[in-house]
Amino acid sequence: MSDSIPHPLTPQDCLVMLMIAVSASDQTIRTSELIKIENQVNTLPIFGAFDIDRITVLSKTVYDLFAVEDGLDALFGLVRDNMPDKLNETAYALACDVAAADGAIREGELRLLEEIRDELNIDRLHAGAIERGARARHMTI
């Protein structure tokens with residue numbers, strides 16, 4: 001974990017880190033994805049007490065983890081240690097929304113979503129419903 005995180009991760013930190021990870025998973029962080037993350041943090045009740053200034057530190061932590069071998073495993077370890085299981089579907093839904101934010105889910109994003117789904121033990125039927133909802137919310141004409 002990065003030395004710049006001054007205290008243990010909160011469940012909200014974990015949610016944000018997973019959203020950032022999905023955005024960074026295809027090597028290109030798109031403006032629409034960043035806006036989606038910011039909007040989620042600014043509007044959803046789960047982030048009511050979240051300090052938005054932590055996004056910078058959490059982003060750096062994710063990028064640092066992605067730069068090392070087994071960094072994704074380390075990220076999942078942090079999530080397992082700091083986020084209650086009852087937020088697993090919330091985490092997956094937020095990750096899917098970020099992946100769909102630009103209207104296209106790319107290969108790297110698909111692979112990471114699959115790993116998140118497996119890591120968080122999201123039931124296949126529930127995952128399908130979450131994915132379909134994300135697609136529907138981000139559909140363009």
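My aim in this report is to walk through the structure given alongside it, one point at a time. (Residues numbered from 1 in each chain as written. Predicted model: local features only at pLDDT ≥ 70, side-chain atom pairs only at ≥ 80, totals over all residues. Heavy atoms only, no water.)

**Some words on the side chain of Glu33**
- Mapping Glu33 onto the fold places it in helix α2 (residues 31–43).
- Arg30 provides the closest opposite charge to the buried, unpaired Glu33, separated from it by 4.4 Å.
- Looking at Glu33, its side chain comes within polar contact range of the side chain of Ser23, at 2.8 Å.
- When sequence neighbours within four positions are dropped, the list of residues in contact with Glu33 reads Ser23, Thr28, Val98, Ala101, Asp102 and Glu109. (Helix = DSSP H or I, 4+ residues; strand = E, 2+ residues; numbered from the N terminus. Buried < 20%, exposed > 50% of the residue type's maximum accessible area, 1.4 Å probe, protein only. Lys, Arg positive; Asp, Glu negative; His and termini not counted. Salt bridge = Lys/Arg side-chain N within 4 Å of Asp/Glu carboxyl O. Polar contact = N/O pair within 3.5 Å; in protein donor to acceptor, adjacent residues only side chain to side chain. Contact = heavy atoms within 4.5 Å.)

**Section: the pattern of salt bridges**
- Evaluation of the coordinates by the stated rule reveals nine salt bridges.
- Among the ionic pairs, Asp26 bridges to Arg30, the shortest N-O distance being 2.8 Å.
- In this structure Asp26 comes out as buried when scored by relative accessible area, which is 14%.
- The salt bridge partner of Arg106 is Asp102, with a shortest N-O separation of 2.7 Å.

**Focus: the packing of helix α1 (residues 11–24) against helix α3 (residues 54–66)**
- It is the contact of α1 with α3, at a shortest axis distance of 9 Å, that shows an interaxial angle of 55°. With respect to α3, the element α1 is oriented oblique. When the axes of α1 and α3 are compared, the crossing they make is right-handed. Across from Asp13, Val16, Met17, Ile20, Ala21 and Ala24 in α1, the residues of α3 making contact are Arg54, Ile55, Leu58, Ser59, Thr61, Val62, Tyr63, Leu65 and Phe66.
- Taken together, the residues of the contact of α1 with α3 break down into eleven nonpolar, two polar and two charged. (Axes fitted to C-alpha atoms, helices over the stretch in contact; angles between N-to-C directions. Parallel < 35°, antiparallel > 145°, perpendicular 65-115°, else oblique. Left-handed = near helix turned anticlockwise from the far one by under 90°. Nonpolar A, V, L, I, M, F, W, Y, C, P; charged D, E, K, R; others polar.)

**Concerning helix α6 (residues 107–119)**
- With 13 residues, α6 ought to run about 18 Å at 1.5 Å a step, and its terminal C-alpha atoms sit 18 Å apart, in line with that.
- Turning to α6, its buried residues are Gly108, Glu109, Leu112, Leu113, Ile116 and Arg117.
- Of the residues one or two after α6, Asn121 is the one with positive phi, at around 55°. (Expected span 1.5 Å × (residues − 1).)

**Overview of the layout of surface pockets**
- Each pocket or cavity is described by its volume, and for the largest pocket that value is around 200 Å³.
- Lining the largest pocket we find Ala24, Ser25, Gln27, Phe66, Leu72, Gly108, Arg111, Leu112 and Glu115.
- Per-element accounting of the lining of the largest pocket gives the leading share, four residues, to α6.
- Looking at the lining of the largest pocket residue by residue, the classes come out as four nonpolar, three polar and two charged. (1 Å grid on protein atoms, 1.4 Å probe; cavity = no way out; pocket = protein on both sides within 12 Å on 5 of 7 lines; lining within 4 Å. Points joined across faces, edges and corners; volume = space filled by probe spheres on them.)

**Points about unusual backbone geometry**
- Positive phi, close to 65°, is recorded for Asp70, a residue that is not glycine.
- In this structure, Asn121 takes a positive phi of about 55° despite not being glycine.
- Along the chain, Asn121 falls in the loop between α6 and α7 (124–137).

**Observations concerning helix α5 (residues 88–100)**
- A rise of 1.5 Å per residue sets the reference length of α5, with its 13 residues, at 18 Å; its end C-alpha atoms lie 18 Å apart and thus fit the reference within 8%.
- Burial analysis of α5 places ten of its 13 residues in the buried class, which makes it a mostly covered element.
- Within α5, burial applies to Asn88, Ala91, Tyr92, Leu94, Ala95, Cys96, Asp97, Val98, Ala99 and Ala100.
- Packing partners of the buried residues in α5 comprise α1, α2, α6 and α7.

Nothing here speaks to function; it is all geometry.
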